[in-house]
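Residue-level structural notes
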There are 2 protein chains.
Amino acid sequence: MAQLRIALAQTNPVVGDITGNAEMLVEWTRRAAERNAHLVAFPEMFLTGYPPEDLVLRSSFVEASTSALTAAAERLAAEGLGDLPVIVGYLDRAGLTPRVGQPKGAPLDAAALLHRGRVITKSAKHHLPNYGVFDEHRYFVRGDRLPIFRLHGIDVAVAICEDLWQDGGPVSVVGEVGAGLLVVLNGSPYEMNKDDVRLELCARRAREAGCTIAYVNLVGGQDELVFDGDSLIVSPTGELIARAAQFTEELLVADLDLPEGTGEPGEVRVDARDGTVITVERFTISAEPVAPYEPEPARIAERLDDLAEVYQALVLGTRDYVTKNGFRSVILGLSGGIDSALTATIAVDALGPSRVHAVLMPSRYSSEHSIIDAEELVRRQGINAVTVPITGIMEAFEKEISLHGLAAENLQARIRGMILMSLSNEHGHLVLTTGNKSELATGYSTLYGDSAGGFAPIKDVLKTMVWRLAEWRNAQPPGPPPIPENSITKEPSAELRPGQRDTDSLPPYHVLDPLLRDYVERDMGRDELIAAGHDPELVTRVIRMVDRAEYKRRQYPPGPKITPKNFGRDRRLPLTNRWRERLA
Amino acid sequence: MAQLRIALAQTNPVVGDITGNAEMLVEWTRRAAERNAHLVAFPEMFLTGYPPEDLVLRSSFVEASTSALTAAAERLAAEGLGDLPVIVGYLDRAGLTPRVGQPKGAPLDAAALLHRGRVITKSAKHHLPNYGVFDEHRYFVRGDRLPIFRLHGIDVAVAICEDLWQDGGPVSVVGEVGAGLLVVLNGSPYEMNKDDVRLELCARRAREAGCTIAYVNLVGGQDELVFDGDSLIVSPTGELIARAAQFTEELLVADLDLPEGTGEPGEVRVDARDGTVITVERFTISAEPVAPYEPEPARIAERLDDLAEVYQALVLGTRDYVTKNGFRSVILGLSGGIDSALTATIAVDALGPSRVHAVLMPSRYSSEHSIIDAEELVRRQGINAVTVPITGIMEAFEKEISLHGLAAENLQARIRGMILMSLSNEHGHLVLTTGNKSELATGYSTLYGDSAGGFAPIKDVLKTMVWRLAEWRNAQPPGPPPIPENSITKEPSAELRPGQRDTDSLPPYHVLDPLLRDYVERDMGRDELIAAGHDPELVTRVIRMVDRAEYKRRQYPPGPKITPKNFGRDRRLPLTNRWRERLA
């Protein structure tokens, strides 16, 4: 057996900021060196940020990535960090002849080993995910090389993200040819409870590969995706050795005791058991084990409970969207209801109260408690607030056009949306929308009204979860509860006409939400929904609402994703569509 | 040699309307029978409409498709049409064991042969496109069967759309095993000049397959896609034999003289020269050639010229979006400028003047000619119009919030957007937006202002093309020019402040548009753009504008697509993105 101290750099790069990410590479490599690590690994596509989407089809972007890689290797050496081998994800190209259907430039989701000022080896992701939020058959061509390098006597193999999720490919090949450690670079987005799935997966693949697996993941928000970190190391028998925290940057350092490598240097082609052949490339960096040393105890960070996990995902997703897009502050409408109260609280936790601006926009239908509850939240959290009454503006519209029913209700929501957008344009705040997933799914919102804005922190949060998160947040120390209790307990109303209640238009949320979960997240059809115990009439009604609301959802701002299937890129339905579940 | 009269049903099904599409199948099969055709072919995914996107992941939808197929075969026989063989595209499933990355239910983009009340054979698309507007690795698994059936002595093979575009696969196999006719079912969307590419492709593949190719395409609008029809037949040497019109339904009937088949019935596995193996399934429907008859001369429809082609695509895309979504009428703001004038004209050509409602919304900055030109268009085309002045509403806002510069300009655009949306809600018209691609690309538009609406007829039309289309349309007989000449010739202005001109914010359109074409449609980076002859400073400025406008474009309504690369699904860029071409 031989010892190895590995450092996993669970980091938060910015898509497109190749220069900044390269700086971060040097900084975190230095931290790893200061911890006397023998090897440091960065996540998937670290140099470019992930996912860079159609940027990978621009040759200028690919060239910037590959140049930055070479420069980073030299820079590390120049900074005295060249002796520490670095595994890092970046964007490369395969140099294939163009053909129909092959992404322009044949890009690769690549990994490189940097050592002593040089790029020692390059490989690329073998399995390309093309489901859910992933479009990688659009972007990449397949890698078919598996590097295994001997470092201090240990054989270290490298794979990337999806290579772990699918059968066959690099894991199968490692199982066949043998290695002491498989380092996997990941860009694995958060979903509720995914940490459990991930640990189980790593354990299973470690047993299959017959070696320790070190799994390093991104952390941070990127549009609708939130990367949760949760980097971890499992033993060949699947036992958890080390684990980083969720939703925060961390250098996870662990001392591993690994078998000494025995494979011969050189190349060998191996059946990857997925219909392809992978070329294993073995070479040696250092054959001798390190002198024995006293290992440090490995850290196994505690898991957050389920609500804390969701809340942190929303906070991180909101913070990164705002700051990575160059905004310093946000603005939102505060109605006194629970959705805007929770959204404001998330914004304060993400950015601090001084960067959060609330606008109270009472109309002739606003109840007294709405204003009181909104003012109470402003007071408790110390955010900025102004009041802009909308009655005069409503009257000016009513003088020019005659509106009734829903059209008149929508007008109020749109006046509020315009005021927020106007103040955003005037002062440079990003507008946060406050709609939740239950509203959004059923179309219970106004296009260009409450849906107007740049980011939607709770767009993937069902209403019943909104209440649970509010209660959870109020129970957290330190300090008094940030959300007025009345905002949590009162009956939901849009207050767009006298005495309006959400239940005038929607089923009660405790009935609606489980049905939405089954229809939206699980893609069940009508018969399946009824078989699952949902009321047949309600199924018909809700399917009709959800399918009709498709257009509104397409126009909705992005927001942190916390469920496996939401709308937009996760669930693409044609707008022009007469499928009967839509018209039921 | 043996004779065969083939009918290609260039038709316009509706996505999801399986019942309606099955009715259309019977109706067009009857027409083919009345023309004494020996074989009739319908386009790709005809029964479900195309592309059905994530509907294919619902088992209820797949089951509806396969049941409808069986029922259609029986129905055709019951209607006395059973003797005419029908090839039709539909949705099926492969029945594979679920695994990570495989689309749920393993759907197939399938083709079936219906004859005498039964489904005789089934096959599925082999090559799955996953570029541009296509996401088929997300939706389908690959087919690996090639049916070749003998009909009146002729061997007829069946393939689907992308099978023609990529090397290897069904075409290669037909070339190897031999057939007299290859029928290809297509869902091939329109792009400018694609008809030339398509003819050249069919000719090349016919030579490769060594047989006649009959290419049947969809026609009609589906969200942003417009299928242009253009069904055609080419001889084994690549000569054009018959061709249907563009942008209209048509039964293309042609008498072919084809070699008699010699292959033995049964199954044989053939290397498809793309790394896969395809099973050829040969069987006989009727071995005897038909009695010799006098062939009818084949129709070769004339091609539209380039501007006519684009204009028809816009009209068809607009008409089908409106009517397939159940709207009866549209509403739009009429400013007196060329964009709203062209949009109104397209709407009138799509729907007729009585279904088009214009709103004139003058502000304190509107010039006199704007109102005159708008009124003149209303008069010439006989559309409905109302005038809603916005000055009073502007003043009501100004009383409550203080706005300057861009924020004040945006307010006016948003008031107009709200008025249109309010009237849409009140009266049930679909709002058409009037923005062109040059504005949209550079962000020269107001989010929730002029971008508010349900459909954007000219969103993929650069400003210089807007002018050319207006002049072209004005030159068409019969009747006087629909667009006031002054709307075409005057200098473009948003009229949101006194004396404003587009060139205050944008380069002249004759300079801007070629640059947009290279940057947006060809994905060139900065260095390539400069090398292509664009002014370096302008390149920097325009790249910055285009990259910054990404969020607005995401929020923009769909509109007919006429170029190979536009925004959204064609060109996906992260919103959170610090790539230097963005920040240049």
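Residues numbered from 1 in each chain as written. Chains lettered and ligands numbered in written order. Predicted model: local features only at pLDDT ≥ 70, side-chain atom pairs only at ≥ 80, totals over all residues. Heavy atoms only, no water.

**Looking at helix 9 (residues 368–381) of chain A**
Stated precisely, the cut-off is as follows: Secondary structure elements follow DSSP: runs of H or I no shorter than four residues count as helices, runs of E no shorter than two count as strands, and numbering proceeds from the N terminus. An expected span of 1.5 Å times one less than the residue number is assigned to each helix. Contacts were defined at the residue level, with two residues in contact if any of their heavy atoms lie within 4.5 Å.
Taking 1.5 Å per residue, 14 residues should reach 20 Å; helix 9 of chain A reaches 20 Å between its end C-alpha atoms and fits that length. Each element contacted by the buried residues of helix 9 of chain A is listed here: helix 8 (338–351), strand 18 (356–360), strand 19 (384–387) and helix 14 (485–489) of chain A.

**Examining the packing of aromatic side chains**
Put simply, the rule is: Here is the rule: rings of Phe, Tyr and Trp (six-membered ring for Trp) pair when centre to centre is within 6.5 Å. Planes less than 30 degrees apart are stacked, more than 60 are edge-to-face, and the remainder are tilted. Burial classification: accessible surface area is computed with a 1.4 Å probe over protein chains only, and a residue below 20% of its type maximum counts as buried, one above 50% as exposed, and the rest as partly exposed. Note on geometry: a ring has a charge over it if NZ (lysine) or CZ (arginine) is within 6 Å of the ring centre and within 35 degrees of the ring normal.
Scanning all chains against the criterion turns up 22 aromatic pairs over all chains. Taken together, a centroid distance of 6.4 Å and an interplanar angle of 65 degrees make the contact between tyrosine 139 of chain A and phenylalanine 140 of chain A edge-to-face. For tyrosine 139 of chain A, a relative accessible area of 6% gives the class buried. Directly above the aromatic system of phenylalanine 567 of chain B lies the positively charged group of arginine 553 of chain B, at a separation of 4.0 Å from the ring centroid.

**Side note on the interface of chain A and chain B**
Worth spelling out the cut-off: Buried area adds together the accessible area that both of two parts lose upon being put together, with accessible area traced by a 1.4 Å probe. One speaks of a salt bridge when a side-chain nitrogen belonging to Lys or Arg is within 4 Å of a carboxyl oxygen belonging to Asp or Glu. Here a polar contact is recorded for every N or O atom pair within 3.5 Å, except that within protein the pair must consist of a potential hydrogen donor and a potential acceptor, and residues adjacent in sequence are included only if both atoms are side-chain atoms. Charged means Asp, Glu, Lys or Arg here, nonpolar means Ala, Val, Leu, Ile, Met, Phe, Trp, Tyr, Cys or Pro, and polar covers whatever is left, Gly included.
Listed as interface residues are 92 residues of chain A and, on the opposing side, 92 residues of chain B. Summed over both partners, the interface of chain A with chain B comes to about 7600 Å²; 52% of that surface belongs to carbon and sulfur atoms. Scanning the region where chain A abuts chain B turns up six salt bridges. Taken together, chain A and chain B are joined by 42 residue pairs in polar contact (both at pLDDT 80 or more). Elements with a contribution of two residues or more to the side of chain A that touches chain B: helix 2 (59–78), helix 3 (136–139), helix 4 (162–165), helix 7 (306–324), helix 10 (391–400), helix 11 (405–427), helix 18 (550–554) and helix 19 (580–583) of chain A. When residues of the side of chain A that touches chain B are assigned to their parent elements, the largest contribution, twelve residues, is made by helix 11 of chain A. A per-class count over the side of chain A that touches chain B returns 40 nonpolar, 24 polar and 28 charged.

**Section: the nonpolar core**
We count it as follows: Buried Ala, Val, Leu, Ile, Met, Phe, Trp, Tyr and Cys residues form a nonpolar core when they are joined through side-chain atoms within 4.5 Å.
With 185 residues, the main nonpolar core has Phe397, Ile415 and Ile419 of chain A together with Phe397, Ile415 and Ile419 of chain B as its most contacted residues. Among all residues touching isoleucine 415 of chain B, those that are not within four sequence positions of it are Phe397 and Met418 of chain A together with Ile390, Ile393, Met394 and Phe397 of chain B.

**A few points about the relation of the copies chain A and chain B**
This is how the line gets drawn: The least-squares superposition of copies is restricted to C-alpha atoms, and to residues with a pLDDT of at least 70 in both copies.
Superposing chain A onto chain B takes a rotation of 180 degrees plus a shift of 0.0 Å along the axis, which leaves an RMSD of 0.0 Å. The superposition of one copy onto the other is thereby described by a two-fold rotation axis. By C-alpha distance to the rotation axis, the residue of chain A lying nearest is glutamine 555 of chain A, at 2.5 Å. When the interface residues of chain A are mapped onto chain B, 100% of them again fall at the interface, so both copies present the same face.

**Focus on the packing of helix 7 (residues 306–324) of chain B against helix 13 (residues 463–474) of chain B**
All names here are of chain B. Inclusion rule: Fitting a line to C-alpha atoms yields each axis, with helices limited to the stretch in contact; the angle taken between N-to-C directions then spans 0 to 180 degrees. We call two directions roughly parallel when the angle between them is under 35 degrees, roughly antiparallel when it is over 145, roughly perpendicular when it lies between 65 and 115, and oblique otherwise.
It is at 10 Å that the axes of helix 7 and helix 13 come closest, and there the two elements cross at 95 degrees. One way to sum up the angle between helix 7 and helix 13 is to call them roughly perpendicular. Along its contact with helix 7, which presents Leu307, Ala308, Val310, Tyr311 and Leu314, the element helix 13 presents Met465, Arg468, Leu469, Trp472 and Arg473.

**Digging into the sheet that holds strand 17 (residues 330–333) of chain B**
Residues and elements named next belong to chain B. The line we're drawing: Strand pairing is assigned whenever DSSP detects at least two bridges linking the two strands.
Read across the sheet, four strands follow the order 19-18-17-20 without closing on themselves; strand pairing throughout is parallel. Either end of the sheet is taken by a strand with one partner, and the two such strands are strand 19 (384–387) and strand 20 (430–431). Bridge count for strand 18 (residues 356–360) against strand 19 is four bridges, and the pairing is parallel. Bridge pairing in strand 19 places histidine 357 opposite asparagine 384. Relative to strand 17, helix 8 (residues 338–351) is tilted by about 165 degrees, and along the sheet it contacts strand 17 and strand 18.

**Observations regarding the UniProt feature "binding site: deamido-NAD(+)" (unreviewed entry) in chain A**
This is how the line gets drawn: UniProt positions are given in the numbering used here, feature names are shortened, and annotations may be inferred rather than shown by experiment.
Listed under "binding site: deamido-NAD(+)" (unreviewed entry) in the UniProt record, and renumbered for this structure, are Asn410, Glu439 and Lys552 of chain A. Considering the C-alpha atoms alone, the annotated residues occupy 143 residues of sequence yet fold into one spot, their largest mutual distance being 14.4 Å. With respect to the element layout, asparagine 410 of chain A can be found in helix 11. Assessed through its relative accessible area of 10%, asparagine 410 of chain A is described here as buried. If we ignore the near neighbours within four places in the chain, the residues touching asparagine 410 of chain A are Thr446 of chain A together with Asn425 of chain B. Relative to the assigned elements, glutamate 439 of chain A resides in helix 12 (residues 437–442). Residue glutamate 439 of chain A is classed as buried on the basis of its relative accessible area of 11%. Excluding residues that lie within four positions of it along the chain, glutamate 439 of chain A makes contacts with Asp339, Tyr444 and Asp450 of chain A.

**Brief notes about the pattern of salt bridges**
Residues and elements named next belong to chain A. The final tally for this structure, using the stated rule, is 102 salt bridges over all chains. The partner of aspartate 167 in a salt bridge is arginine 205, and the shortest N-O contact between them spans 3.1 Å. You can see aspartate 167 sitting in the loop between helix 4 and helix 5 (170–177) and its partner arginine 205 sitting in helix 6 (residues 194–209), a full 38 residues away along the chain. Among the residues examined, aspartate 167 registers a relative accessible area of 55% and is labelled exposed.

**Details of the sheet that holds strand 18 of chain A**
Residues and elements named next belong to chain A. An order of 19-18-17-20 is seen for the four strands of this open sheet, with the pairing classed as parallel. Whereas interior strands pair on both sides, the edge strands pair on one side only; in this sheet they are strand 19 and strand 20 (430–431). Sheet topology note: the strand 17 (residues 330–333)/strand 18 ladder contains four bridges and is parallel. Residue pairing for strand 18: isoleucine 331 is matched across the bridge by histidine 357.

**With respect to the UniProt feature "binding site: L-glutamine" (unreviewed entry) in chain A**
Residues and elements named next belong to chain A. The UniProt entry lists Tyr131, Ser188 and Lys194 under the feature "binding site: L-glutamine" (unreviewed entry), expressed in the numbering used here. Topologically, tyrosine 131 is positioned in the loop between strand 5 (118–124) and helix 3. Locating serine 188 in the fold gives a position in the loop between strand 8 (181–186) and helix 6. The residues contacting serine 188, other than those within four sequence positions of it, are Cys161, Lys194, Arg198, Tyr215, Asn217, Phe227 and Asp228. At 3.4 Å, the side chain of serine 188 forms a polar contact with the side chain of lysine 194.

**Some words on the confidence of the model for chain A**
Note the following rule: Per residue, pLDDT captures the predictor's confidence, and it can take any value from 0 to 100.
Mean pLDDT for chain A: 95, with 99% of residues reaching 70 or above. Taken together, the chains of this predicted complex give a pTM of 0.96 and an interface ipTM of 0.95.

**Notes on the pairing of strand 18 of chain A**
All names here are of chain A. Let me state the cut-off plainly: Call a crossover right-handed when, viewed with both strands pointing away from you, the route from the first strand across the helix to the second goes clockwise.
Buried residues dominate strand 18, accounting for four of its five residues. Taken together, strand 17, helix 8 and strand 18 form a β-α-β motif whose crossover is right-handed. Viewed along the sheet, the connection from strand 18 through helix 9 into strand 19 turns out right-handed.

**Topic: unusual backbone geometry**
Following proline 477 of chain A, the chain continues into proline 478 of chain A via a peptide bond in cis, with omega recorded as -10 degrees. Residue position: proline 478 of chain A is located in the loop between helix 13 (463–474) and helix 14. Between tyrosine 50 of chain B and the following residue, proline 51 of chain B, the backbone shows a cis peptide bond with an omega angle of -5 degrees. With respect to the secondary-structure elements, proline 51 of chain B resides in the loop between strand 2 (39–41) and helix 2 (59–78).

**Quick word on the packing of helix 13 of chain A against helix 15 (residues 509–521) of chain A**
All names here are of chain A. For the pair helix 13 and helix 15, interaxial distance at closest approach is 8 Å and the crossing angle is 115 degrees. Here helix 13 lies roughly perpendicular to helix 15, going by the angle between them. Only Tyr509, His510 and Asp513 of helix 15 make contact with helix 13, whose side of the interface consists of Lys463, Thr464 and Trp467. Classifying every residue of the contact of helix 13 with helix 15 by side-chain character gives two nonpolar, two polar and two charged.

**A closer look at the side chain of aspartate 513 of chain B**
All names here are of chain B. This is how the line gets drawn: The charge count includes Lys and Arg as positive and Asp and Glu as negative, but it does not include His or the ends of the chains.
With respect to the helices, strands and loops of the structure, aspartate 513 is situated in helix 15 (residues 509–521). Notably, aspartate 513 is buried but unbridged: the nearest opposite-charge side chain belongs to arginine 517, and the N-O separation is 5.7 Å. Within the structure, aspartate 513 has its side chain in polar contact with the side chain of serine 438 (distance 2.7 Å). Dropping the residues within four chain positions of it, aspartate 513 is found in contact with Ser438, Leu462, Lys463 and Thr464.

**A closer look at the environment of glutamine 246 of chain B**
All names here are of chain B. With respect to the secondary-structure elements, glutamine 246 resides in the loop between strand 13 (240–243) and strand 14 (250–258). Distance from glutamine 246 to glycine 220, taken between C-alpha atoms, is 9.9 Å for residues 26 residues apart in sequence. Discounting residues that sit within four places of it in the chain, glutamine 246 has contacts with Asp195, Asp228, Asp230, Glu302, Arg303, Leu304 and Glu309. For glutamine 246, the side chain forms a polar contact with the side chain of glutamate 309, separated by 3.2 Å.

**Focus: the environment of valine 216 of chain B**
All names here are of chain B. Looking at the element boundaries, valine 216 is found in strand 9 (residues 212–217). A relative accessible area of 0% means that valine 216 is categorised as buried. Linking valine 216 and alanine 244, residues 28 residues apart in sequence, is a C-alpha distance of 9.2 Å. If we ignore the near neighbours within four places in the chain, the residues touching valine 216 are Leu8, Ala9, Gln10, Ala41, Phe42, Pro43, Val184, Leu185, Asn186 and Ser231.

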